[in-house]
Protein chains: 4
Amino acid sequence: MGESGAAGDPWSFGLEFLVRDYELDIQGIVNNANYQHYFEHARHEFLKARGLDFAAMHAAGVDPVVYRIEVDYKSPLRSGDRFLVRLRVGREGRLKLVFHQEAVKLPSGVLAAAAKVAVAMTRGGRPVPPSDEVVAALLAP
Amino acid sequence: MGESGAAGDPWSFGLEFLVRDYELDIQGIVNNANYQHYFEHARHEFLKARGLDFAAMHAAGVDPVVYRIEVDYKSPLRSGDRFLVRLRVGREGRLKLVFHQEAVKLPSGVLAAAAKVAVAMTRGGRPVPPSDEVVAALLAP
Amino acid sequence: MGESGAAGDPWSFGLEFLVRDYELDIQGIVNNANYQHYFEHARHEFLKARGLDFAAMHAAGVDPVVYRIEVDYKSPLRSGDRFLVRLRVGREGRLKLVFHQEAVKLPSGVLAAAAKVAVAMTRGGRPVPPSDEVVAALLAP
Amino acid sequence: MGESGAAGDPWSFGLEFLVRDYELDIQGIVNNANYQHYFEHARHEFLKARGLDFAAMHAAGVDPVVYRIEVDYKSPLRSGDRFLVRLRVGREGRLKLVFHQEAVKLPSGVLAAAAKVAVAMTRGGRPVPPSDEVVAALLAP
């Protein structure tokens, strides 16, 4: 857990999780929707680690909003599985921040799921460019 | 609710929902992960309407597994919103079924979210082609 | 669905539900926590039916807060089950509203779960007596 | 985290959690139903720490079933809150195991919620007495 720092490591942040049994469905695997929860929680913890805060931004009238998500499910998570959610952020255009995220099983490193999550900052429901402070905080290696 | 039948209607099935307040997050909008729940529930009800049953297939050793999902979030759902989830199914290649799904607000018809969900049938964790019975049931107009 | 009106009917409100497969756990039964979701949704719809609105009250600075819940799980809900959540409200003391709720399977009437939910109105985190308007709306038969 | 061992400590197990923002509702506090998730996850981890396994028991035909829960909500959990869920187990009668559980905020120790959860072992839907092995594992200090 915490930020990764190895030379050449393309990931900016990682957070460990343990599957909770209530996240399993009748097939005995984690229900697909829960991966969005994992990815969201990792993004919010990353924001905090970079000095930003989701709830504080909301209180200040700026809401990061996910407007597109792509998830590839590779190998299902099961009861007892530990996994790491790691991420890095890129910018596309003036308004879009893109989070690249992976959930990998521990200790095997097997890829459970990969996601690409496009986020825009909004104020009053309208997209606004992320502030320089936000961009600097998120895109720093 | 029920299956649509208008001439030229590209949708094979529709199901009405009402936002439940526990689905809202601190921003007062439906949390993104819940759209996957809505889409999944609509797919399972569609299967039932076509004479298939998710739990029965699982008991028979065949599990439909989502292996990729793309969701575009267009206009957030809020407390009290009614919406329709509609879908149609296509086949890509030998193994892949693709569900095209939309959540549209009622009565306005405003698009809340659109999804493309790729599903494979699996037996013992391995993808198997969907049976002729399944294909016929799902791809009928 | 809608409010019940039969003479001698002790229930003030009822709302129909259908089990959604994502609510099932690895045992193939609805996970216990989801009953709280069902009960909460029924309470909020009851409020709306009585002219009150949970989100509007929140915006006005008054938040109904559940401070105690008791649930007896009697017969598990499974995939495909339809059920009715019904409720009535009582007042205990100056601050407390108590919702008596049941989830009963349809059409059998088998009791799936029964709950007693104690609610207080709060303003700024402090309990305040429910307004006369709220009391009149909720306790009317 | 891990099992507690201080002399006179009435708790048999504790597990640390961090609030995840998707668990918050429109009021900005953790939705009540999520406490059941927290309590359940702590019980399952306790079982594992004692050499038992929820999913393995299910596979062996024995399902622990919660048949009554009481939760007192004392002080709401909010974004960023860390908390400990601790528990101890008692036996009542031949069939009933009772988990006493608390969620306390860290580092303050403020009680967020307390629960009493009654569990029975079932086989084929019928309650059966917990095996001596299970009783010994759970009731050991």
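Definitions and limits used
Residues numbered from 1 in each chain as written. Chains lettered and ligands numbered in written order. Predicted model: local features only at pLDDT ≥ 70, side-chain atom pairs only at ≥ 80, totals over all residues. Least-squares fit on C-alpha atoms with pLDDT ≥ 70 in both. Contact = placed C-beta atoms within 7 Å. Pairing = 2+ DSSP bridges. Helix = DSSP H or I, 4+ residues; strand = E, 2+ residues; numbered from the N terminus. Nonpolar A, V, L, I, M, F, W, Y, C, P; charged D, E, K, R; others polar. Buried ≥ 20, exposed ≤ 12 C-beta atoms within 10 Å, placed from the backbone. Core = buried A, V, L, I, M, F, W, Y, C linked by C-beta atoms within 7 Å. Expected span 1.5 Å × (residues − 1). Axes fitted to C-alpha atoms, helices over the stretch in contact; angles between N-to-C directions. Parallel < 35°, antiparallel > 145°, perpendicular 65-115°, else oblique. pLDDT = per-residue confidence, 0-100.

1. As for the relation of the copies chain B and chain A
Line of reasoning, step 1. For the pair chain B and chain A, the best superposition has an RMSD of 0.0 Å and corresponds to a rotation of 180° with a translation of 0.0 Å parallel to the axis. Read as a symmetry element, the transformation amounts to a two-fold axis. For chain B, the smallest separation between a C-alpha atom and the rotation axis is recorded for E70 of chain B, amounting to 2.2 Å.
Line of reasoning, step 2. Looking at chain B, 100% of its interface residues are interface residues in chain A too, so the copies touch through the same face.

2. A closer look at the pairing of strand β5 (residues 111–123) of chain A
Residue and element names in this part refer to chain A.
Line of reasoning, step 1. Where strand β2 (residues 62–73) and β5 come together, 11 bridges link them in antiparallel fashion. Bridge pairing links V62 to R123 in β5.
Line of reasoning, step 2. Of the pairings in the sheet, the one linking strand β4 (residues 96–106) to β5 comprises 9 bridges and is antiparallel in character. What sits directly across from F99, in β5, is V117.
Line of reasoning, step 3. Where β4 folds back onto β5 in an antiparallel hairpin, the turn is made up of 4 residues, including G109, whose phi is positive at roughly 80°.
Line of reasoning, step 4. Where β5 meets strand β6 (residues 126–128), 3 bridges bridge the pair, whose relative direction is antiparallel. Residue M121 lies in a different strand from β6, and its bridge partner there is V128.
Line of reasoning, step 5. Where β5 folds back on β6, the antiparallel hairpin that results is connected by 2 residues, among which G124 adopts a positive phi of roughly 60°.

3. Observations regarding the interface of chain B and chain A
Line of reasoning, step 1. At the junction of the two partners, chain B supplies 17 residues and chain A supplies 17 residues.
Line of reasoning, step 2. Those elements giving two or more residues to the side of chain B that touches chain A turn out to be α1 (32–49), α2 (54–59) and β2 (62–73) of chain B.
Line of reasoning, step 3. Considering each element in turn, the side of chain B that touches chain A owes the most residues, 9 residues, to β2 of chain B.
Line of reasoning, step 4. Taken together, the residues that form the side of chain B that touches chain A break down as 8 nonpolar, 5 polar and 4 charged.
Line of reasoning, step 5. Bridge count between β2 of chain A and β2 of chain B: 5 bridges; the pairing is antiparallel. Bridging across to β2 of chain B, R68 of chain A finds its partner in D72 of chain B.

4. With respect to the environment of H100 of chain A
Residues and elements named next belong to chain A.
Line of reasoning, step 1. Among the secondary structure elements, H100 is positioned in strand β4.
Line of reasoning, step 2. Owing to 16 C-beta atoms within 10 Å, H100 belongs among the partly exposed residues under this scheme.
Line of reasoning, step 3. For H100 and K116, which are 16 residues apart along the polypeptide, the C-alpha to C-alpha distance reads 4.8 Å.
Line of reasoning, step 4. Filtering out sequence-adjacent residues up to four positions away, H100 remains in contact with L87, R88, G90 and K116.

5. What about the interface of chain D and chain A?
Line of reasoning, step 1. On the side of chain A, 10 residues touch chain D, which itself brings 10 residues to the contact.
Line of reasoning, step 2. Those elements that provide at least two residues to the side of chain D that touches chain A are α1 (32–49) and α2 (54–59) of chain D.
Line of reasoning, step 3. Here the side of chain D that touches chain A gets 4 residues from one element, more than from any other, and that element is α1 of chain D.
Line of reasoning, step 4. Considered class by class, the residues forming the side of chain D that touches chain A number 3 nonpolar, 4 polar and 3 charged.

6. Digging into the nonpolar core
Line of reasoning, step 1. Ranked by size, the top nonpolar core spans 132 residues in total, and within it V85 of chain A, V85 of chain B, V85 of chain C together with V85 of chain D carry the most contacts.
Line of reasoning, step 2. Dropping the residues within four chain positions of it, V85 of chain C is found in contact with G14, L15, F17, Y38, F39, A42, Q101 and A103 of chain C.

7. Digging into helix α1 (residues 32–49) of chain C
Line of reasoning, step 1. For α1 of chain C, which comprises 18 residues, the first-to-last C-alpha distance of 27 Å matches the rise-based estimate of 26 Å (1.5 Å per residue) to within 8%.
Line of reasoning, step 2. For α1 of chain C, the tally of buried residues reaches 15 of 18 residues, placing the bulk of the element in the interior.

8. Description of the environment of T122 of chain C
Line of reasoning, step 1. Within the secondary structure, T122 of chain C sits in strand β5 (residues 111–123).
Line of reasoning, step 2. With residues up to four places along the chain from it excluded, the contact list for T122 of chain C reads D63, V65, P127 and V128 of chain C.

9. Looking at the packing of α1 of chain C against α1 of chain D
Line of reasoning, step 1. Remark: α1 of chain C packs on α1 of chain D, axes separated minimally by 8 Å, with the N-to-C direction vectors making an angle of 175°. When the axis of α1 of chain C is compared with that of α1 of chain D, the two are roughly antiparallel. In this structure, α1 of chain C uses N32, A33, Q36 and H37 of chain C to contact α1 of chain D, whose residues at the interface are N32, A33, Q36 and H37 of chain D.

10. A word on unusual backbone geometry
Line of reasoning, step 1. Residue P107 of chain A is bonded to the preceding L106 of chain A through a cis peptide linkage, with omega at 0°.
Line of reasoning, step 2. Structurally, P107 of chain A is set in the loop between β4 and β5.

11. Thoughts on the environment of G61 of chain B
Line of reasoning, step 1. As for its placement among the helices and strands, G61 of chain B is situated in the loop between α2 and β2.
Line of reasoning, step 2. Taking the C-alpha atoms as reference points, G61 of chain B and L138 of chain B, separated by 77 residues in sequence, lie 19 Å from one another.

12. Things to note about the confidence of the model for chain A
Residues and elements named next belong to chain A.
Line of reasoning, step 1. In this model, chain A carries an average pLDDT of 90, and 94% of its residues clear a pLDDT of 70 or more.
Line of reasoning, step 2. Considering each helix and strand of chain A separately, the mean pLDDT is smallest for helix α2 (residues 54–59), with a value of 76, and largest for strand β1 (residues 13–18), with 98.
Line of reasoning, step 3. Per the prediction output, this complex has pTM 0.92; the corresponding ipTM is 0.90.

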